[in-house]
Amino acid sequence: MATGGEKRAALLRQITEEGGFAFVASAEKAAAGDLRAAEAAREMAWEQLHSAPRAEVGAAWLDAYALACLHVAGLRAAAGDRRAALRALDMGLIMGGGLLRAELDDAIAGLGRGEAGAVPVADGDVQRWEEGIAGGRDLDDVLKLLPVNSLSCKQIERRSCISLEAFIRDYFLCESPVILSGCIEHWPARTKWKDIKYLQSIAGDRTIPVKVGKNYACAELKQELITFSQFLERMWSSDSANLACVAQHQLFDQIKELHKDITVPEYCLAGGGKLQSLNAWFGPHGTITPLHHDPHHNLFAQVLGRKYVRLYPASVSVGLYPNTESMLSNTSQVDLDNIDEKEHPKTAALEFMDCILEEGDLLYIPPKWWHYVRSLSISFSVSFWWRTSDLPSGSS
C-alpha cells in the first residue's frame, strides 16, 4: 500500500503530465511552508474543478484540490488559525477526490473540537429547537399544508420490527412500500440529536453545503457553504424562499461523530445488498422534496421530527409527466402543491399511497417508486440506498 508521501508524489507527476506545471510548482513551495503558494495552488485547483461539470473533471484535479487544502490547513493551523484550517479541510472533503481522504480525516481529528464548536446555545434556542421538533402534530393544521386529497387514499402499511426474512418475502421481492416501526430505538441519534447543544458541540464549527430555496427543482435554488452553527440558527427562518436544508449530502462521511450515532439496518442486506450511499436530509419545517424517483432500494429513517410522504408506483409514470431534460428526467413536472390540471390532466385521478412518517420510523421505498416529501417540523432523516445484483429488481 502506498504511503502518503508516495501518493502525493504520484499525484504531482500525474498533474504534471496533464499540464499543471504551475500547480505543481506552487504545491512544492507550499510543502516547504509557503502559505501564499498554498493558497495559489488551491485557487488553481478550484478553477479546474469549475472548468466543466463535476462528472467531467479529471480525478487527478479533484485530488489536487484536496492536496492543496491539506497544505493550506497545515500552514493555517501552524499559525494558530484553527477555524481557517478546519474550513480548508472540510472544503477538501466536500469538493476533493478520495485519494487523500484519510489524511483529511486525520487532520480534522488532530485539530480537535476547539472553542468554536462549543459556542453556548441560548436557552431560548433550546426551547425553540424542542418545540420545532415536536411540531406538526395537529392533523387539521397539517392537512391545510398538504397537497389535495392527502391521507384520503391508501395508507402505507405499517409493521412493527419484522424479521429480515419477513421483509424480503412480503415487501422486498414484490417491491412494495412498508413502514417499519420500532427498529431504530437503539440508535444513539434517537436521543442525542434531540439535544441542540450536542449537535453544536460536535459539529458547530464544521463547514457544510446547504441548499437554499423552496425545493431542489425550483429555478431560484442556490447552494451555500456555511458552518453547522449558522445552519442551526436558520432553522426558524419564516421566509419560505430562503429555507436552508442539508439534502442528499453524505454528511456522515464528513462528520464522523454523527456517523457513530447510527447503524445500518439489517434490512439493507436484502438481496445481498451493497450499500451505495448514506445521505442526510436535515432542515426546518416546510422543506419539500418534489415528486421524483430513484434507481436504488431506499430505507428512509425518520430520526427527528415528522414528515408527510406520498408514493406513486412506476406503473403510473406517464400520468406524472417526467421532465424531458436529462438532468431532471427522474423528477416530475407536476407541482403536487398546485396541480395545473390543464397542463397535467392525468395526475389528479391517479391513486397513491401516503403517510405521516413519525420519529423512529423506517420507510422502505422500492426502486423507481415516485415520492414527494414534506417536512412537518424540524426534521433530521437518513436515507440508506442499496442495490443488488443477485436478485432481480423488476423496476430498476
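Because the structure is predicted, anything quoted here is derived from the model rather than measured.

What follows is about the side chain of Thr207. Position of Thr207 relative to the elements: it lies in strand S4 (residues 207–212). Only 3.4 Å separates the side chain of Thr207 from the side chain of Arg87, close enough to count as a polar contact. The contact partners of Thr207, leaving out residues within four places of it in the chain, are Arg87, Asp90, Met91, Ile94, Leu225, Ile226, Thr227 and Gln254.

This brings us to the pattern of salt bridges. Overall, the coordinates contain 19 salt bridges when judged by the stated rule. Arg159 is the partner of Asp170 in a salt bridge, and the nearest nitrogen-oxygen pair spans 3.7 Å. With Asp170 in helix H9 (residues 164–172) and Arg159 in strand S2 (residues 158–160), this pair connects stretches of sequence that are 11 residues apart. Among the residues examined, Arg159 registers a relative accessible area of 26% and is labelled partly exposed. Note that Glu224 is salt-bridged to Arg234, the shortest N-O span being 3.0 Å.

With that out of the way, let us pick up the packing of helix H4 (residues 59–78) against helix H5 (residues 82–95). Angle between the axes and distance between the axes: these two values describe a pair of packed helices. Between H4 and H5, whose axes approach to 8 Å, the crossing angle comes to 170°. Regarding the angle of H4 to H5, the classification is roughly antiparallel. Along the contact surface, H4 presents Leu62, Tyr65, Ala66, Cys69, Leu70, Val72, Ala73, Arg76 and Ala77, while H5 presents Ala84, Ala85, Ala88, Leu89, Met91, Gly92 and Met95. Classifying every residue of the contact of H4 with H5 by side-chain character gives 14 nonpolar, one polar and one charged.

Cut-offs and rules
Residues numbered from 1 in each chain as written. Predicted model: local features only at pLDDT ≥ 70, side-chain atom pairs only at ≥ 80, totals over all residues. Heavy atoms only, no water. Helix = DSSP H or I, 4+ residues; strand = E, 2+ residues; numbered from the N terminus. Polar contact = N/O pair within 3.5 Å; in protein donor to acceptor, adjacent residues only side chain to side chain. Contact = heavy atoms within 4.5 Å. Salt bridge = Lys/Arg side-chain N within 4 Å of Asp/Glu carboxyl O. Buried < 20%, exposed > 50% of the residue type's maximum accessible area, 1.4 Å probe, protein only. Axes fitted to C-alpha atoms, helices over the stretch in contact; angles between N-to-C directions. Parallel < 35°, antiparallel > 145°, perpendicular 65-115°, else oblique. Nonpolar A, V, L, I, M, F, W, Y, C, P; charged D, E, K, R; others polar.

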